[in-house]
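# Structure assessment
So the chains spell out like this:
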Amino acid sequence: MSSLTDKTAAEVYDCAIVGGGVAGLTLAIQLAQSGRRVVLFEKETYPFHRVCGEYISMENYDFLCRLGVPLAEMNLPVMTRFTLSSPSGVALHHRLDIGGVGITRYELDPLLARLAARHGASIHEGTKVTDVTFADEQFILTTSTGSTFRARTVCGAWGKHANLDGKLKRPFLAESRQGRQFVAVKYHLQLDYFPAATVEMHNFRDGYCGLSPLPGGLTNCSYISDLRNLRAHGNSVAEMERQVLMQNPLLRPYIEAAQRGDFTPVVISQITFRERSTVDQHVLMLGDAAGTIAPLCGNGMSMGMNAGFLLHPLLLDFLAGRISRAALEEQYTQQWRQLLRLRITAGRLIHQVFGQPQLTSAGIQVLRRLPFLTDFILKQTHGQAY
Ligand SMILES: Cc1cc2nc3c(=O)[nH]c(=O)nc-3n(C[C@H](O)[C@H](O)[C@H](O)COP(=O)(O)OP(=O)(O)OC[C@H]3O[C@@H](n4cnc5c(N)ncnc54)[C@H](O)[C@@H]3O)c2cc1C
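This is a predicted model, so every value here is computed, not measured.

## Concerning the overall build of the chain
Tallying secondary structure elements over the chain gives 12 helices and 16 strands in all. Computed over C-alpha atoms, the radius of gyration of the chain comes to 21 Å, within 12% of the 21 Å expected from 2.2 N^0.38 for 386 residues, which places it in the range of a compact globule. Projecting the C-alpha coordinates of the chain onto the three principal axes gives extents of approximately 60 × 40 × 35 Å. Only carbon and sulfur atoms are counted for the fraction: they give 52% of the accessible area of the chain, which is about 16300 Å². Taken as two groups, the 38 positive and 33 negative side-chain charges of the chain have centres that lie 4 Å from each other.

## Quick word on the nonpolar core
Residues Ile17, Leu141, Cys155, Leu286 and Leu315 are the most contacted members of the largest nonpolar core, which totals 75 residues. Per-element accounting of this core gives the leading share, 10 residues, to helix H9 (residues 300–319). Both domains that meet at this core, namely domain 1 (8–54 + 104–177 + 273–355) and domain 2 (76–101 + 181–271 + 358–386), each give it at least three residues. Setting aside anything within four residues of it in sequence, one finds Cys155 in contact with Cys15, Ala16, Ile17, Val18, Leu27, Val283, Leu284, Leu286, Leu311 and Leu315. Counting residues in hydrophobic clusters, the runner-up holds 22 residues, among them Phe204, Met246, Ile255 and Ala258.

## So, the sheet that holds strand S10 (residues 182–190)
Each strand in a sheet pairs with its neighbour through backbone hydrogen bonds, running either in the same direction (parallel) or in the opposite one (antiparallel). With mixed pairing, the eight strands of this open sheet are ordered in space as S3-S5-S4-S11-S12-S13-S10-S14. On the outer flanks of this sheet lie strand S3 (55–57) and strand S14 (266–271), each paired with one strand and no other. Sheet twist, expressed as the mean angle between neighbouring strand axes with direction ignored, is 30 degrees. With respect to the sheet, helix H12 (residues 371–381) is in contact with strand S4 (78–85) and strand S5 (91–102), its orientation differing from that of S5 by roughly 30 degrees.

## Things to note about the site of the ligand
The ligand sits among 36 residues. The nearest are Glu42, Arg50, Gly53, Tyr55 and Asp288. Between a nitrogen atom of the ligand and a main-chain N or O atom of Lys43, the distance comes to 3.1 Å. At 2.9 Å from an oxygen atom of the ligand is found a main-chain nitrogen or oxygen belonging to Met301. For the ligand, whose accessible area on its own is 1000 Å², the fraction buried by protein is 95%. Listing elements by their share of the shell around the ligand, those giving two or more residues are helix H1 (22–33), strand S2 (38–42), strand S13 (218–226) and H9. Two domains share the shell around the ligand, each providing at least three of its residues, namely domain 1 (8–54 + 104–177 + 273–355) and domain 2 (76–101 + 181–271 + 358–386).

## A few points about the packing of aromatic side chains
All chains considered together, the criterion is met by 10 aromatic pairs. Both rings, one in Phe63 and one in Phe309, keep their centres 5.8 Å apart while their planes meet at 80 degrees; by these two values the pair is edge-to-face. Here Phe63, found in helix H2 (residues 61–67), pairs with Phe309, found in helix H9; they are 246 residues apart in sequence, far enough to count as distant. Given the relative accessible area of 2%, Phe63 is considered buried. Three or more aromatic residues joined by ring pairs make a cluster, and in this case those are Tyr13, Phe41 and Phe149. When the ring centre of Phe172 is taken as origin, the NZ or CZ atom of Arg276, which lies over that ring, is 4.0 Å away.

## Re helix H3 (residues 105–118)
Since one α-helical turn is 3.6 residues long, residues separated by three or four positions face the same way. Its 14 residues place the ends of H3 19 Å apart at the C-alpha level, agreeing with the 20 Å of an ideal helix rising 1.5 Å per residue. Of the residues making up H3, those classed as buried are Arg105, Leu108, Asp109, Pro110, Leu111, Leu112, Ala113, Leu115 and Ala116. Among the structural elements, H1, S3, H2, strand S6 (122–125) and H9 are those in contact with the buried residues of H3. Once H3 ends, the next one or two residues include Gly120, with phi positive near 110 degrees.

## Let's talk about the environment of Tyr46
Its place among the elements puts Tyr46 in the loop between S2 and S3. Accessibility expressed as a relative area gives 10% for Tyr46, which makes it buried. Considering only alpha carbons, one finds Tyr46 and Ser144, 98 residues apart in sequence, at a separation of 17 Å. Setting aside residues no more than four positions away along its own chain, Tyr46 makes contact with Gly20, Leu25, Leu40, Asp109, Pro110, Ala113 and Glu125.

## Regarding unusual backbone geometry
Backbone geometry follows two general trends: most residues other than glycine have a negative phi, and most peptide bonds adopt the trans configuration. Across the junction of Tyr46 and Pro47, the peptide omega takes the value -5 degrees, indicating a cis bond. With respect to the secondary-structure elements, Pro47 resides in the loop between S2 and S3. One non-glycine residue with positive phi stands out, namely Asp136, at about 50 degrees. Positionally, Asp136 belongs in the loop between strand S7 (129–135) and strand S8 (138–143). Judged by relative accessible area, which is 78%, Asp136 ranks as exposed.

## Looking at the packing of H1 against H9
Running from amino to carboxyl end, H1 crosses H9 at an angle of 30 degrees, the nearest separation of the two axes being 8 Å. Like other packed secondary-structure pairs, H1 and H9 cross with a definite hand, here right-handed. Between H1, through Val22, Ala23, Thr26, Leu27, Gln30 and Leu31, and H9, the contact on the second element is made entirely by Met301, Gly304, Met305, Gly308, Phe309, Leu311, His312, Leu315 and Leu316. Looking at the contact of H1 with H9, its residues break down into 10 nonpolar, five polar and no charged.

## Examining the pairing of S13
Summarising burial for S13: eight of the nine residues are buried, a large majority. Across nine bridges, S10 lies against S13 in antiparallel orientation. Looking at S13, one finds that Tyr187 is bridged to Cys221. In the sheet, strand S12 (residues 207–213) pairs with S13 via seven bridges, with the strands oriented antiparallel. The residue bridging Pro213 from the neighbouring strand is Thr219, located in S13.

Reading the values: the criteria
Residues numbered from 1 in each chain as written. Predicted model: local features only at pLDDT ≥ 70, side-chain atom pairs only at ≥ 80, totals over all residues. Heavy atoms only, no water. Helix = DSSP H or I, 4+ residues; strand = E, 2+ residues; numbered from the N terminus. Rg over C-alpha atoms; globule rule 2.2 N^0.38 Å. Areas by Shrake-Rupley, 256 points an atom, 1.4 Å probe, with all protein chains shown as cover. Lys, Arg positive; Asp, Glu negative; His and termini not counted. Charge placed at Lys NZ, Arg CZ, Asp CG, Glu CD. Core = buried A, V, L, I, M, F, W, Y, C linked by side-chain atoms within 4.5 Å. Buried < 20%, exposed > 50% of the residue type's maximum accessible area, 1.4 Å probe, protein only. Domains from an automatic or database assignment. Contact = heavy atoms within 4.5 Å. Pairing = 2+ DSSP bridges. Axes fitted to C-alpha atoms, helices over the stretch in contact; angles between N-to-C directions. Near = heavy atom within 4 Å. Polar contact = N/O pair within 3.5 Å; in protein donor to acceptor, adjacent residues only side chain to side chain. Phe/Tyr/Trp six-rings, centres within 6.5 Å; stacked < 30°, edge-to-face > 60°. Lys NZ or Arg CZ within 6 Å of the ring centre and 35° of its normal. Expected span 1.5 Å × (residues − 1). Left-handed = near helix turned anticlockwise from the far one by under 90°. Nonpolar A, V, L, I, M, F, W, Y, C, P; charged D, E, K, R; others polar.

Here it is in structure tokens:
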């Protein structure tokens, strides 16, 4: 991958992408495959661990293969069953028709970055974008390395929250400070008893935890909890796990294993689910930067990749002069809403119920009697192949 040699790149890129998660990287590959000059900035250095359930819904399978990800050769676990439990341990077991595969972000993200670079994208890892300004139909990006870059379009794929949200004065920020905040934690567990081909989701008071298999016999265990749970237990993750998560008898053995083993959790905070805009100051947002879905109620990675899939042909039309900037922004916003807003709303509704002990238990009892309703809800959290 390229590194900076001069402080001010003379080149004007067709597209600058800020953020090298699945949303930004898959868009970079598509644009580079189309012969466009793309630069992508990632503040971290690959490979690195992220808080994520690492379950990729099957709707993305063909898309990722088209980008060059050799999924069929990677011997990934495939999930076809689903278990859901309430905080008191009332459980539902169901088939997962659409299903998904497990792959660590530690492996997937650098793989995508290498593919983007191979197609000609300029990837700057360890480089944080500190400012983006727009004037005279051109963007100027300033980075932590003291360099500036110019681009005709900029895509914001910087995830749930980043320095640039504040720089661009994004409207959702003010509301987020007043609303509910969440903390999320991930472990990779080495368990020899986790059921194959199964995704488990266990609720606890004001939160829920997902478990699913990964390559190499690992199990992903990631959860999201209302920040109040952490504060109530002296800001200690271990104490919150003991006092809150372990109250669910189906979740207890996994959390005990996590605490017994030498597993370092990855933790993130300041998560909110406020509605966001898809365009701010002409920057086109995708992935979590455009709309964060309650993580275990939908597939955030799919939504990020779907957004890039929508954006790619529109960017090509704009760059070729077939549509104006205003049309690019309007059409992207419309198409994004049409495709993804319903999923975000469904996710928010499910999220309201999860973590409420009585509501979750009652909901699971109903679902046990009405399997078609379970199928319907699961369908809302997955999309169509594209
Ligand atoms: C507990 C939990 C479990 C989840 N489980 C799943 C799951 O099983 N399946 C699923 O599909 N989704 C899941 N998700 C959601 C999924 O992780 C996200 O939707 C997805 O990672 C979003 O991808 P993204 O590319 O938009 O952002 P990210 O993957 O967050 O990438 C954004 C990148 O931008 C970089 N960045 C930020 N600011 C700058 C800057 N100024 N300059 C340069 N780089 C910058 C960051 O370092 C980061 O690497 C889960 C989320 C959580 C919290």
